[in-house]
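# Coordinate analysis (summary)
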Amino acid sequence: MTESASGTVNYLNHAKGFKSWALTLDHKRIGLMYLVAVSLAFLAGGVLAMLVRIELLTPGETIMGADAYNQAFTLHAVLMIFTFIIPAIPAVMGNFALPIQLGAKDVAFPRLNLASFYIYLIGAVIALGALVVGRVDGGWTFYTPYSTSIGDGILFVTAGIFVMGFSSILTGLNFIVTVHKMRAPGLTWNRLPLFIWSIYATSIVQVLATPVIGITVLLLFLEKALLIGIFDPALGGDPVLFQHFFWFYSHPAVYIMILPAFGVISDLMGTFSRHQVSGYKFVALSSVAIAFLGFLVWGHHMFVSGQSAISSVIFSLITYLIGIPTGVKVINWVSTMYKGSVQLKSPMLYAIMFLFTFSIGGFTGIMLGVLAIDIHLHDTYFVVAHFHYVMMGGNVIAALGGLHYWWPKMTGKLYNEMLAKVAAVLVFIGFNLTFFPQFIMGAQGMPRRYYDYLPEFQGYHQLSTYGSWVLGVGFLLIAYYLIASLFKGKKAGLNPWGALTLEWTHTTTPPDHHNFHETPVVTRGAYDFHLATELFQGDGEVTELKNH
Amino acid sequence: MGDNGSVWLPDAMSTLAGEVDALFWFVFWTSTIIFAMVIVAKLYFVFRYKRTDDKYVPSPVHESQALEAAWIVLPTILTLIVFTWGFDLFVKMSTPPPDSYEITVRGKQWAWEFEYAEGALSFSEMYVPVGRPVKLIMSSTDVLHSFFIPEFRIKHDVLPNRYTSVWFEATQAGRYQIYCTEYCGTEHSGMLAEVVVVSEEDFASWILEQSQDLPPAELGEQLFAQCAACHAIDGSVKIGPPLNGLYGTQRALADGSTVTADEDYLKESILNPAAKIAAGYQPIMPAGYSGMSAKQIDGLVAYIKSLE
Amino acid sequence: MDNASTDRPAHLKHYFVSSDQQFDAAKMGMWLFLVTEILLFSGMFVAYTVFRVWYPEVFAHSAELLDWKLGGLNTIVLLASSFTVALGIHYAQKDNQKGLVLNLILTFVFACTFLVVKYFEYTSKFEHGVFPGAAFDPHGVSHGVDYALYNIPFAAQFFSIYFVMTGIHGFHVLVGMGLFIWITRKAIRGDFSSEYYTPVENCGLYWHLVDIIWIFLFPLLYLI
Amino acid sequence: MSQGHHITSIKTLSIVIGALVILTGLTVFTSRFDLGVFTVPLALAIATTKAALVVTIFMALRWDNKINAAIFGIGILFVIVFISFVLFDTAFRGDLPNTTKGTIMEMEASEAEMQSREPDASTRQFNRTPE
Ligand code: HEA
Ligand code: HEA
Ligand code: CUA
Ligand SMILES: [Cu+2]
């Protein structure tokens, strides 16, 4: 990255040395540091997933014992959820792109932003301390009283999650204030890029829900350390109450994971169809609707837990309602392409794949929300498949789309488009091969969190494991060409995709240290391609931009 | 698959299973149809409106409020249908008929124990009569478990502080798998059992047989089902030490001393496992077996003695 | 960094357009932060409500063990400190340095008083074996109260909730004291004026929230 | 710029602190009497009034930007959601017969009590739902 973008001064090269990164207040650099951290977390979580899959290749012990397996899937989930997927899009792409899309010079509280990053790192390290101290095998849901009766490792994991929660809260708080207070002149709410709308909605959820996981893990910590008897039935507590606490956060948290993905997809759909995103207002407001409704459905994880029927009914009903704003989005994305000009670059390829995989995940979510059906499907591989389809097939696929979209802007380099397409297809095939069979075996009755299983499920498990290998190859390929692009990638133009948001039209590639030399004045919506007068361009060509 | 199962669902073997399946298929097919429409439209648009001219900027399409509203109203109606249906069935599945035959089920790390009204006990096999509603009254002696029989489409968490129940009416004799589906520790995946559905007469005679006195070693063999998750009897090491050939040997303990594995030692190991810890093992054997009757303990000891 | 043009005051960060924007942003951030605090405490209130609904008699009975006089005293102390903070901000807005500093110091003193009272409350409970969690074992007699009478099922839950709630609250008081030391020093240095007093305003907001939490804790734990 | 910011007069602040102290006295005073079902609502109503005074005047939300009031309101709303939705479960646990109303601990306690009353009540029944 030494002399990117033909020696012009930009945020990557204006200052050098370790300190200029470690102490930077620049949202773009912080975004990049998150990118590195989050990728490592994904790598670690992914390696554990591979081990889990290999273990399940045959019934009984394949490569590890029951204890090791239980810790592997717990750690896989904790890493993936708390250290990877929650910060993935907001902290990486949100940090990088959101202030520029707003026409701001930085986020509202840059110091807080840097602090969030370090808090995240500290939290992650504490959580991993559990590995050193003792076994943690409760599953990522840590249901009591099992979780409080296992080793002391649980204290570290809860402390780590507590700390990482602050990072998430502070990031969300920062973005809400930034969106409210730092929009460029002319950038009305109706003109905001949909990415911003969805990050905004996400931030609301982060601010409102994360404190509750804080108090939950704190109480769990005290339950273990002092036996305070709120959750532990042996001491007069109620284990189902813990589940309420946990899911009050963790259901909204799934919208922390998916709403940013929605935002990325909206931006990709608009840009690569070169068309107004259809139903702009509906798409924007449905994010906020999902954010709020998302708080009212947590009990759908507890239909067989022994909670009262009246709450099951309420939760089930509201669960369906979430499908409606989501459906509004899906259908509007599809109709954005209608009479558009669709270009299948690799980011768009991911967006198209997203529609497929996320919809499967969403529809199976609706099936799980049906009271009578969930009784059969709860805690089987059907649920495992559902949430990988929404998290991996939703968030991760969208994150890959976003990464490929913003990569040229972040690094100033173009990656190999051919390899990118191959990798996208590999990921798509591998993903479906891994997780589709899990729907079937789940419906057949294969319970989750099983180290050993009955021989009749072996065929499905094998398919799934082979799929995970294809997936692994796909990710390795992505890692390869992205890293390679840093060293020998072609120089990226100002606006290789012909997008209309400010990071493409009003700043250099890579962006200047202060984003803009003059505060941009916005005169049109984020997807008003027909009002744009600048030339659209192919790869690498330099465009004449109106305001430069 | 079996007689009335499919690629997706296992055989439906209880009176309500068929109704659950009907709902499942309704949701499955409506979802599939909507999904297919989304995907077909998507693919069609991708190819139909593929970019050919790099300079071409399409003009915006006028949005139809009516269309937007339709996307909101239609799914709402569909989901409300599914909700009502699912709720209705849920209530049915949660309300056992008053004349149900009752079995008490206890989950413990990591075995199931079934106690019948007549006082009979069984482990890892639950006998039930065909064609008669059966209600299971369940509790746990340690952590959360969950009781799941796929063929009957029933599942409910088993809690340590509360009785929960499920009910079913089996429609055909046969053996079906019981799983634990709430994560409960190392051997969670080994917490299996089977439900054995037999005719009303066979059930009656089985119960009768159970209440008769068994020779101690045979009683012990039955009871041992709940130990089998941790103790092998073929010399292999599971979570606990193998118990065959144990009797009469010298045991090294974790504190460095040794002890002869006589009857007293066996008894103590069961009643108060923490007292003497076998070297090389974690002190994780549950203390919950002290509740067994003297006869049962004697049976277990006799059985362990008999193991070669 | 060509922004540092002449008319920008020293406290204005380069990425803000105006002092007003900066002030509004900071204040909005603070309100958001307060909301996260409220939700953090909400977990404890949920636990309290659930157990209270299940065991109302036990909770009403256990509450008798807490000294409402000390609790009431602390309520007044915290209310007074809220008042002095509000006064402090008033003086800051009026450019009255002395008034500001004096009131900040008073607030700090009230906060100390609160914690001292809390300390005596805690120790008098510990003496009689009233601990959170498994160590709960009330015994002995003091002021004519026989503690052993409170050794009933689910009283332990009440006291666990009491200690966790007041403990977290006390921690917030401690943090608040740290904040007041910090801004008092700045105030003495003369950093604040009617043009710029954002930190005072935000610390004040935080402190009022701590007060509000206590306003609810007091009747719930001590009185009913 | 301070012209834009509301300055609360010392008089207003003093009135509020007076009211707060009086309300504190009132809540202590009323708690001395047994008001039955009104005990809790009354205490909560007084506490809410006090909190509202602090929020609107001391924290100056009354004169503040509307967005801050909205933020605060949403926060309170979700606390209410949290408490009430949890109560939908905990207050109605056991409304279908597949979960018992009482915990095993409670059932055993009432069982023991019944047995001590009528010596021959020896058959143990699990599926009874005690009130
Ligand atoms: C990114 C994460 C994410 C997302 C977005 C979702 C989205 C949804 N989830 Fe999922 N879920 C998880 C992550 C996620 N989930 C996780 C991690 C678990 C398991 C946790 C654990 O136990 O470990 C879980 C578990 C889970 C359960 C509990 C299962 C069980 O344990 O028994 C349920 C039950 O209701 C559920 C429902 C839903 C629903 C209804 C949606 C909806 O939001 C989906 C909405 C989308 C659509 C419906 C598709 C698009 C819509 C249309 C094209 C319009 C037409 C639609 C209709 C007519 C309906 N989820
Ligand atoms: C974001 C969330 C997320 C993601 C992305 C994944 C990804 C994967 N998961 Fe995960 N999983 C969960 C969240 C997630 N999972 C959760 C919450 C659970 C529940 C746990 C519980 O029950 O408590 C679970 C459980 C779970 C199970 C069930 C275990 C059980 O119940 O017994 C299985 C089994 O197949 C599985 C498999 C996989 C696989 C094969 C992937 C693959 O998609 C992984 C692919 C990734 C890689 C192969 C990494 C390669 C990456 C690179 C090479 C990157 C390059 C690096 C740089 C650029 C530095 N997961
Ligand atoms: Cu018992 Cu899992
Ligand atoms: Cu959910």
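Residue positions are given per chain, counted from 1 along the sequence in the order it is written. Chains and ligands are labelled by the order in which they are written, letters from A for the one and numbers from 1 for the other. Totals for whole chains, interfaces and linings use all residues, but because this is a predicted model, local features are given only for residues with pLDDT of at least 70 and pairs of side-chain atoms are given and counted only at 80 or more. Calculation of side-chain values draws on the structure's entire complement of heavy atoms; hydrogens and water are dropped beforehand.

### Observations regarding the overall build of chain C
Spelled out, the test is: What counts as a helix is a DSSP run of H or I of at least four residues, what counts as a strand is a run of E of at least two, and both are numbered from the N terminus. Only protein chains enter the accessibility calculation, which uses a 1.4 Å probe. A residue is then buried if its area is under 20% of the maximum for its type, exposed if over 50%, and partly exposed in between.
On a plain count of helices and strands, chain C comes out with 6 helices and 2 strands. Helices and strands in chain C line up, N terminus first, as α-α-α-α-β-β-α-α. Taking the principal axes of the C-alpha coordinates as reference, chain C spans close to 75 × 30 × 25 Å. Taken over 224 residues, chain C has a buried fraction of 62%.

### A few points about the sheet that holds strand E3 (residues 121–123) of chain B
Residues and elements named next belong to chain B. Under the convention used in this document: For two strands to pair, DSSP has to find at least two bridges joining them. Helix axes are fitted to C-alpha atoms over the stretch in contact, other axes to C-alpha atoms as well, and angles between N-to-C directions run from 0 to 180 degrees.
Spatially, E3-E2-E1-E5-E8 is the arrangement adopted by the 5 strands of the open sheet, whose pairing is mixed. Each having just a single partner strand, E3 and strand E8 (164–168) make up the two edges of the open sheet. Here the average twist between neighbouring strands, direction ignored, is 25°. In the sheet, strand E1 (residues 101–108) pairs with strand E2 (residues 111–116) via 6 bridges, with the strands oriented antiparallel. Along E2, the bridge assignment pairs Thr104 with Glu115.

### Considering the confidence of the model for chain C
Residues and elements named next belong to chain C. Rule in force here: Per residue, pLDDT captures the predictor's confidence, and it can take any value from 0 to 100. Whether two residues touch is decided by their heavy atoms; if any such pair falls within 4.5 Å, the residues are in contact.
Looking at chain C as a whole, the pLDDT averages 87, with 96% of positions reaching at least 70. Residue range residues 1–6 is modelled with pLDDT below 50. Its contacts to residues more than four positions away, or to other chains, number 5 contacts. Quick note on the complex model: pTM equals 0.90, ipTM equals 0.89.

### Notes on the coordination of the copper ion (ligand 4)
Residue and element names in this part refer to chain A. Rules: Donors, by definition, are the N, O and S atoms found within 2.8 Å of a metal, the threshold being 3.2 Å for Na, K and Ca, and water is not counted, so a site can look incomplete.
Coordination of the copper ion (ligand 4) by the protein comes from His251 (ND1), His300 (NE2) and His301 (NE2), over a distance range of 1.8 to 2.1 Å. Motif for the copper ion (ligand 4), donor spacing along one chain: H-x48-H-H. Between the copper ion (ligand 4) and the iron atom of ligand 1, a spacing of 4.4 Å is present. Placement of His251 in helix H8 (residues 239–273) and of His300 in the loop between helix H9 (280–293) and helix H10 (309–337) is noted, with a sequence separation of 49 residues between them. The class of His300 is buried, set by a relative accessible area of 15%.

### Observations regarding the environment of Val46 of chain B
Take Val46 of chain B: it is sitting in helix H1 (residues 17–48). Apart from the residues lying within four places of it in its own chain, the contact partners of Val46 of chain B are Met337, Val342, Leu344 and Ile352 of chain A.

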